[in-house]
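Observations on the three-dimensional arrangement
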Amino acid sequence: MKAKLIFFGKLHIRTALTFLFLSLFIIAVLSSSIYRFTSNMLIKEDAMRARTAVNQTGAYISSYLEKLRALSNIIAEHKDIKAALAESSPEALESISSLISLAKENDSRIRAVAVISKNGFAITSDSSMSITLSEDMMKESWYKNALASNRMPMLSETGHSSFLTNKNEWIISVYREITGGSGEHLGVVLIDISYNFI
């Protein structure tokens with residue numbers, strides 16, 4: 001026991017142990033500080049990257065929806081489409097089906113394009129598109145919602161009648177009212193894109 005006390009009692013051993021413990025303490029404090037600083041820096045950098053990605057995605061979606069609004073304006077203002085809707089005959093609407101199909105073929109994200117008259121006639125680019133139609137479209141809730149949307153994109157279900165919880169069935173619809181020369185309501189343009197493009 002006395003040998004242990006003599007060993008720790010020597011000045012140079014006490015100095016060495018003190019230096020060792022002090023060095024370990026300084027290393028631990030510095031390591032902890034460096035770790036905290038670098039982890040905070042990495043977290044801030046990741047947050048900045050995520051914010052930038054969200055902003056870029058938002059800008060992309062916004063510009064794409066603006067492109068769809070422009071496409072719906074072109075379709076809604078096309079003189080042949082207005083003339084066909086003013087005639088309110090299925091034969092006149094059939095004559096514009098190539099225009100509707102062409103609009104869909106130019107963009108792979110577009111699921112369907114449709115022109116629906118106020119009398120319930122519809123020309124669509126997708127034969128499997130299910131739309132609730134009637135002789136008075138103003139009685140259909142989705143049609144009234146389309147007119148009320150003021151050309152803003154709406155999240156909807158493929159049948160334009162109810163909302164599903166299955167995300168794979170969701171679509172984003174852009175509607176545009178078609179009006180005649182004196183402002184009378186003729187119908188709507190409907191452009192559906194898959195929700196998955198987001």
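Keep in mind the model is a prediction, meaning the values are calculated, not measured.

The next thing to look at is the pairing of strand E1 (residues 110-117). Most of E1 sits inside the fold, with seven of its eight residues counted as buried. Across seven bridges, the pairing between E1 and strand E5 (residues 185-194) is antiparallel. Across the sheet, Val 113 pairs through a bridge with Ile 191, a residue of E5. Between the end of E1 and the start of strand E2 (residues 122-124), which pair antiparallel, lie four residues, with Gly 120 showing a positive phi angle near 95°.

Another point: the pattern of salt bridges. What the rule picks out here adds up to six salt bridges. Residue Glu 45 pairs with Arg 49 through a salt bridge whose shortest N-O separation is 2.7 Å. Residue Glu 45 and its partner Arg 49 are both found in helix H2 (residues 11-77); the two are separated by four residues, about one turn of the helix. Residue Glu 45 is classed as partly exposed on the basis of its relative accessible area, which comes to 38%. Taken together, the shared-partner salt bridges connect Glu 45, Asp 46 and Arg 49 into one network.

All right, on to the packing of aromatic side chains then. One pass over the structure, following the stated rule, counts one aromatic pair. Between the aromatic rings of Tyr 60 and Tyr 64, the centroid separation amounts to 6.4 Å while the plane-to-plane angle is 20°, which identifies the pairing as stacked. Taken together, the residues span about one helical turn, with Tyr 60 and Tyr 64 both in helix H2 at a distance of four residues.

Moving on, we get to a nonpolar patch on the surface. On the surface, Leu 22, Phe 25, Ile 26, Val 29, Leu 30 and Ile 34 cluster together into a nonpolar patch covering about 580 Å² of accessible area. Turning to its location among the elements, Val 29 is positioned in helix H2.

The rules behind these values
- Residues numbered from 1 in each chain as written.
- Predicted model: local features only at pLDDT ≥ 70, side-chain atom pairs only at ≥ 80, totals over all residues.
- Heavy atoms only, no water.
- Buried < 20%, exposed > 50% of the residue type's maximum accessible area, 1.4 Å probe, protein only.
- Helix = DSSP H or I, 4+ residues; strand = E, 2+ residues; numbered from the N terminus.
- Pairing = 2+ DSSP bridges.
- Salt bridge = Lys/Arg side-chain N within 4 Å of Asp/Glu carboxyl O.
- Phe/Tyr/Trp six-rings, centres within 6.5 Å; stacked < 30°, edge-to-face > 60°.
- Patch = residues over 30% accessible without salt bridge, like charges linked within 9 Å, V, L, I, M, F, W, Y side chains within 5 Å.
- Areas by Shrake-Rupley, 256 points an atom, 1.4 Å probe, with all protein chains shown as cover.

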